[in-house]
Structure formats: structure tokens, C-alpha cells
Amino acid sequence: MPVTVIIGSQWGDEGKGKLVDLMSEDADVVARYQGGANAGHTICWGDGAEAKEFVLHLIPSGIFHEGTTCVIGNGVVLDPAAVLDEIEKIEALGYDVEGRLKISHNAHLIMPYHKQVEAAQEAARSEDSEDGAIGTTGRGIGPAYTDKFARRGIRVVDLLDPESLRDKLTRAIEEKNALLEGVYDVEPLDVDEIVEEYVAFDEQIDPYVTDTSQYLTRALSSGQRVLAEGAQGSLLDVDFGTYPFVTSSHPTAGGCCTGLGVPPTAVERAVGVVKAYSTRVGNGPFVTELHGEMGERLREAGGEFGATTGRPRRCGWLDLVALGYTASVNGFTEVAVTKLDVLSGFDELKVCTRYRLPSGEEVRRFPSEVETLRRAEPVYETLPGWDADITGARAAGALPTEARDYLRFVEEELDLTVGLTSVGPRRDQVLTGGTGEAAMAA
Ligand code: IMP
């Protein structure tokens, strides 16, 4: 029963969208298991005047392969307006969505009040201290998951029963208005307006809604191949990330089972997506962050601006301490390295292999505590850079020696194989076949 799960190994924005899009060619089903419209998975295809780009926020990155079925699992928090908008835009490009998209009846809904509560909470955190805010995407993710776990959430299935939805929503909005007015001194929301908006989603969402766990169980037992698509990254996991500067779901491998309803025994491969350097959006510790000119250079070369919010991403060198930790939490069976081309043109490249703690001790383990992480200093190995443009390379053998050595260094340090390397945004800009001798000869 083969499930392959694609997981961000850093703080998100590793290029999972491109990888899922590529791997969808060999999949029957592509399924998103957590997060919501906070994600931005960019798919690029075509060249020159024909070049096209699409940023997916909710629909799995397999949607551009007509043979695949796409699933939004129960672990996702769904903004109905956002998903309907995305469906319309994809259909306008000529792709069939209605026949190919399935949305879990158990997925929880994002409501306008979730975004309001999030904005009020972020404003309050900023007032408490300068870097107290989490720097969320403003998509209502945290408050929606809070309601889910507090057992007062509203689910996709509730959209299909307008009368009961009316009651549930009215109660929920009244409760949130009390919070917004009483605690945060914010204008209350109009109950009738929201109720009318959400009641109208019934017929629009209906064709997509199903028990996706049952669908996946059947697909797996009939031998279909399922690609599970994670959003965000492992270091944003609510349990394993740099808490509290995290998202509110489980981007790590375990999230795939709970977020889709597939058994762990079905998961055969866990592919960690590793950007060739590090980036982070929002606040929180980032040991290898580069300030000043070097960080700016990486940001410009890599186009490191948020696909969802447009915010400039914080940039830094590759952090193998953090990656060793996420490889172990997820049990990666291999890694895929993305954006290697962005490192072309640097005289030398630094890679962090240890952290120096305030006590002077040098460690290879990733501290779980935010204050320790904030005070940790990176200890780097310096590797030679390369000048050549590598965006035309299609096998490891076509890379400059220094670029191959960079990949091999990652493999050795993580004790994992680099299965695939991306050298540009387009589908075809990829080296398959790893870094081994056979690949070099190709
Ligand atoms: P939230 O998920 O909007 O609650 O944001 C929590 C943290 O996760 C913030 O630091 C966000 O910048 C970060 N985050 C959320 N989604 C993404 C993503 O898709 N890529 C990178 N960072 C993200």
C-alpha cells in the first residue's frame, strides 16, 4: 500500500509544490494533509513567452496532471471562499477540477471571525513586546485549529445542512463577538452577513465533499499510488517546531496519517525537501540567519518573497543541525534538494554543522527551547562555491565539481541520499538519478 509523503524539512517554502507537481506524474492520488490557505505552492511551466506560473494555496499540487485525483484531507482547515476561487482560476486555465477534487467532509472551516481573532491576538502580542508577535499569515489558521481542538469547530459537512449551520454559526459568532469586543476592543462582526455568506456555500461545495479517508483506503487497497503533500515545514510543526513561533498543525510525517486517515504502515517513503540554503518568514529563532548584504543577496537571487503574503523572507546558510533533527523526527528515507542554482556565484558557501551554546559547548543536537536557540551561534564548515550557471544541467555529471561536492556533503552529514535536485523553477529544471557515479556519467 504505497504512500509517499513529501515533507518540508525547514521552515516551509522549500519548493514542495514543484516536487509534488513532478512526482504527480507517477501518482494516482495527491492529497494535502494539513494547514490551510497559509501555504503557497508555486508551479511553473513553459518557457519564454509561454511561461506560466500558478500559486496553489489549498488544492494539491497534482491538479495540473489530468490523470490524478486530488484530495483535501480532514487535517486541513478549509477556507471555502479561497478554495472556490482557486477552483475557478484553475478551471479557467482549462483543467478539469470538479471531476478530480475531493474535499473531506471532516475538514474544519475557516470563518471570517478566525481571521479577526488572529489579527487582534497578533496586535496584542506585538504590544506586549517588540518581537512577541508570531508573524502569522493572517489566514485564520491558529484560531480555526483552536476551535477544532476545543470541540466547537464547524466542519465542511455542516455546510450541507443550512438550517443547522445557521444555528451553529449564530452561536459561534455571538461568542466570538463577545471576545472581540470584550477582550480586544474590536468592532463586532455582522452575524446575518456571515450566516448568509456561508449558507450559500452549500451547493457550491457539495459536488466535492466526500469521506476522503474511506476513498483513500479504497484507493490504496486497489493498488493506487498516493502522494501525500505536506504544507509549511517541520520546524513550524506545533509539537516539533520552534514553539511558539510555529503554525498550528503537524507538517511532520505523522500529520499525514492523522490528516488523511491513512495507516502508518501504508507509508513507504518520506521525502524531505531541503532548500539548498535556509529561509524563514515570520518571527522566531533562526540560528544561521544572515543579516546585511549576504542575506540580501540570497533573497534577491532566490526571489525569497512570500508566495502568500509577499513578505520578504529571512535568509541564511544551510543548517545541518536543524536538518539532522527534522530528518530524525520524520524518518526521511531520502531528501530532495531545491534551488541549488541560487547558490551559483558565491566564492564560498558556509554550512552549519554544530551550534555553540552560551556555555561554550558545541552540540549537534537541535535545542528544543526557543531561548537556547536564540542564543546559539552557528559553527560553520566552509565549502568552495562555483560560478557557472547550472540551470541547464540535467544530471549530476553536468554540475561543477564544487556543486556536486556540496550535495555530497549534505548526503554525508545527513546520512541520506539526495534523490532529486532542482536547478530552476521550471518542471524540466531538475536532476534525477541522485549524485552517484551512474548519475554523473549520464
Ligand atoms: P500561520 O500558519 O499563519 O498561523 O503562521 C504561523 C507561522 O508559520 C508564521 O511564522 C508564518 O510565517 C509561518 N508560515 C505559515 N505558512 C507558511 C508557509 O506556507 N511557508 C512559510 N511559512 C509559513
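Check the entry above for the structure.
Now for a description of the structure that goes with this document. The model shown is predicted, which means the values in this text are computed figures rather than measured ones.

1. Observations concerning the side chain of T338
- On the secondary structure map, T338 appears in strand β15 (residues 334-338).
- Here E14 takes part through its backbone oxygen, which lies 2.4 Å from a polar atom of the side chain of T338.

2. Observations regarding the packing of helix α5 (residues 162-182) against helix α6 (residues 191-199)
- Where α5 contacts α6, the two axes come as close as 9 Å, and the packing angle between them is 145°. Helix-helix and strand crossings are classified by hand; for α5 and α6 the assignment is right-handed. On α6, the residues that touch P162, L165, R166, L169, T170, I173 and N177 of α5 are V191, I194, V195, E196, Y198 and V199.
- For the contact of α5 with α6, a count of residues per class yields nine nonpolar, two polar and two charged.

3. A closer look at the nonpolar core
- Formed by 58 residues in total, the largest nonpolar core has its most connected members in I59, F64, I72, V83, I90, L101 and L169.
- Each of two domains, domain 1 (3-100 + 211-441) and domain 2 (108-208), supplies a minimum of three residues to this core.
- Of all hydrophobic cores here, the second largest spans 54 residues; its members include V3, C256, W317 and V423.

4. Brief notes about α6
- Of all the residues in α6, the buried ones are V191, I194, V195, Y198 and V199. Each buried residue of α6 lies within a common arc of 125° when the element is viewed along its axis, so the set occupies one face. Of the residues in α6, the exposed ones pointing more than 90 degrees away from the buried face are D192 and E193.
- Sitting at the head of α6, D190 places a side-chain oxygen 3.1 Å from the backbone nitrogen of D192.

5. As for the site of the ligand
- Around the ligand, 15 residues are found, and the nearest of them are D13, N38, T137, T247 and R311.
- Here a nitrogen atom of the ligand sits 3.2 Å away from a polar atom, N or O, in the side chain of Q232.
- Here R311 contributes a side-chain N or O atom positioned 3.0 Å from an oxygen atom of the ligand.
- For the ligand, the accessible surface in isolation is 470 Å², of which the surrounding protein chains cover 97%.
- Looking at the shell around the ligand residue by residue, the classes come out as six nonpolar, seven polar and two charged.
- No fewer than three residues from each of domain 1 (3-100 + 211-441) and domain 2 (108-208) sit in the shell around the ligand.

6. With respect to the pattern of salt bridges
- Here the structure, examined in full by the defined rule, presents 29 salt bridges.
- For E163, the salt bridge goes to R166, with nearest N and O atoms at 3.8 Å. Of this pair, E163 and R166 both sit in helix α5, three residues apart, which is roughly one turn of the helix.
- Of the residues examined, E163 reaches a relative accessible area of 52% and is grouped as exposed.
- Across the pair K350 and E348 runs a salt bridge, and its minimum N-O distance is 3.8 Å.
- Using a relative accessible area of 40% as the deciding quantity, one classes E348 as partly exposed.
- Where salt bridges share partners, they join D13, K275, E304, R313 and K339 into one cluster.

Conventions we followed
Residues numbered from 1 in each chain as written. Predicted model: local features only at pLDDT ≥ 70, side-chain atom pairs only at ≥ 80, totals over all residues. Heavy atoms only, no water. Helix = DSSP H or I, 4+ residues; strand = E, 2+ residues; numbered from the N terminus. Polar contact = N/O pair within 3.5 Å; in protein donor to acceptor, adjacent residues only side chain to side chain. Axes fitted to C-alpha atoms, helices over the stretch in contact; angles between N-to-C directions. Left-handed = near helix turned anticlockwise from the far one by under 90°. Contact = heavy atoms within 4.5 Å. Nonpolar A, V, L, I, M, F, W, Y, C, P; charged D, E, K, R; others polar. Core = buried A, V, L, I, M, F, W, Y, C linked by side-chain atoms within 4.5 Å. Buried < 20%, exposed > 50% of the residue type's maximum accessible area, 1.4 Å probe, protein only. Domains from an automatic or database assignment. Arc of directions from axis to C-beta. Near = heavy atom within 4 Å. Areas by Shrake-Rupley, 256 points an atom, 1.4 Å probe, with all protein chains shown as cover. Salt bridge = Lys/Arg side-chain N within 4 Å of Asp/Glu carboxyl O.

Function cannot be read off these values alone, since they describe shape.
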